[in-house]
Amino acid sequence: MKNASSPLGRFWQEYRENKIAVVALAVVVLMILMALFAAVISPQNPYDLANLSLMDSRRPPGFVGSGGYTHILGTDPQGRDLLSAIFYGLRISIQIGLAAGLVSLSIGTALGILAAYLGGRVETLIMRLVDLQLSFPAILLALVIVAMLGQGKAQLIGALVAAQYAYFARTAYGAAKAERGKDYIEAALATPLSARLVVWRHMLPNCAPPLIVVATVQIANSISLEATLSFLGLGLPVTEPSLGMLISNGFPYMMSGRYWISVYPGVALIILIVAINIVGDQVRDQFNPRLRK
């Protein structure tokens, strides 16, 4: 049990007062666990083409396939068990969302704090580039970059980072600029401490709260962007069925009554994104007392 007198304990004590946020956090944790243990809980490995049968394709929920097990959510056009594909799709979405979010956080924070600390021409150059990028929609930048780099996890993460790091840079710059002019920073700089130590141990911790909030939101945006790119055929290869690709595979069959192919992956994607956003909203409210109701 966390000590209520510690900062983390106080944070959790306040967090659990919002029952909806607690449920959302439980949903996020559950979906992460399903993604981590997809290979254990899935009735079928959707990557193993040898176990797929086209005779089982586009079957409704409850169908007993050639493998002898019941497809609870039906099958997709490739004969994959849809429940298994969703579990593995969650793994891909969460992996890419976390990777893109953490890399964007690292790059954007470094650039924003560097601009605020150094000032002058470095500040002008970095922030004008950031402002220029923020003037373009993230989905447009991601589409162009993925089209140039090609398909693959590394290429997709690189495109998402390039499209999103500017949000972290702008947030870090605003927080660091406010901290840079405070007395405790001036006092730290007046001591024999190195500039790196001042930034790392004094400035960065005080810039962390808004960055944590933006990171939560941007992870959800990364998952959404990945699904959008996969739906458009510019995401991952067809051998890796992400949630966006599963939705895309079932889209041509929506009007023929085979709704489950797109609907169930879409529901899983919506639940994941909404739950992360609710958690992010609660974290934002706790870090900013002005937003508390």
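A quick note: this is a predicted structure, and the numbers were derived from the prediction, not measured.

*Asks:* Honestly, the UniProt feature "transmembrane region" (unreviewed entry) in the protein in this entry has me stumped. Any pointers?
*Replies:* As recorded in UniProt, the feature "transmembrane region" (unreviewed entry) lies at residues 20-41, 92-117, 129-150 and 259-280. Each end of residues 129-150 is marked by a C-alpha atom, and these two atoms are 25 Å apart; helix forms 82% of the span and strand 0%. Taken end to end, residues 259-280 is 95% helix and 0% strand, and its first and last C-alpha atoms sit 31 Å apart.

*Asks:* In this structure, what is going on with the nonpolar core? I would like to understand it.
*Replies:* One recurring pattern in soluble globular proteins: nonpolar side chains tend to sit buried together. Counting residues in each nonpolar core, the largest one holds 34 residues, and the members touching the most others are I86, L90, I223, L269 and L272. With 10 residues, the top contributor of residues to this core is helix 11 (residues 260-287). The residues touching L272, leaving out its near neighbours within four places in the chain, are M31, L90, I94 and I223. Ranked by size, the runner-up nonpolar core spans 23 residues in total, among them F168, A175, A188 and V199.

*Asks:* Would you explain unusual backbone geometry in this entry?
*Replies:* A negative phi holds for most residues other than glycine; trans holds for most peptide bonds. In the Ramachandran plot, R58 falls in the positive-phi region, its phi being about 55 degrees despite a non-glycine side chain. Take R58: it is sitting in the loop between helix 3 (38-41) and strand 1 (63-64). The class for R58 is partly exposed, based on a relative accessible area of 29%.

*Asks:* What's the story with the environment of Q282 in this structure? I'm lost.
*Replies:* By the secondary structure assignment, Q282 is in helix 11. Taking the relative accessible area as the measure of exposure, Q282 reaches 9% and is therefore buried. For the pair Q282 and E14, spaced 268 residues apart in the sequence, the C-alpha separation amounts to 9.7 Å. With sequence-adjacent residues up to four places away left out, Q282 is seen in contact with E14, Y15, N18 and A21. A polar atom in the side chain of Q282 sits 2.9 Å from the side chain of Q286.

*Asks:* Even after reading the chapter, I still don't get the side chain of Q164, so can you show me in this structure?
*Replies:* As for its position among the elements, Q164 is in helix 7 (residues 153-180). Within the structure, the side chain of Q164 is placed 2.5 Å from the side chain of S222, a separation counted as a polar contact. When sequence neighbours within four positions are dropped, the list of residues in contact with Q164 reads S104, Q133, Q218, N221, S222 and L225.

Conventions we followed
Residues numbered from 1 in each chain as written. Predicted model: local features only at pLDDT ≥ 70, side-chain atom pairs only at ≥ 80, totals over all residues. Heavy atoms only, no water. UniProt positions renumbered as here; feature names shortened; annotations may be inferred. Helix = DSSP H or I, 4+ residues; strand = E, 2+ residues; numbered from the N terminus. Core = buried A, V, L, I, M, F, W, Y, C linked by side-chain atoms within 4.5 Å. Buried < 20%, exposed > 50% of the residue type's maximum accessible area, 1.4 Å probe, protein only. Contact = heavy atoms within 4.5 Å. Polar contact = N/O pair within 3.5 Å; in protein donor to acceptor, adjacent residues only side chain to side chain.

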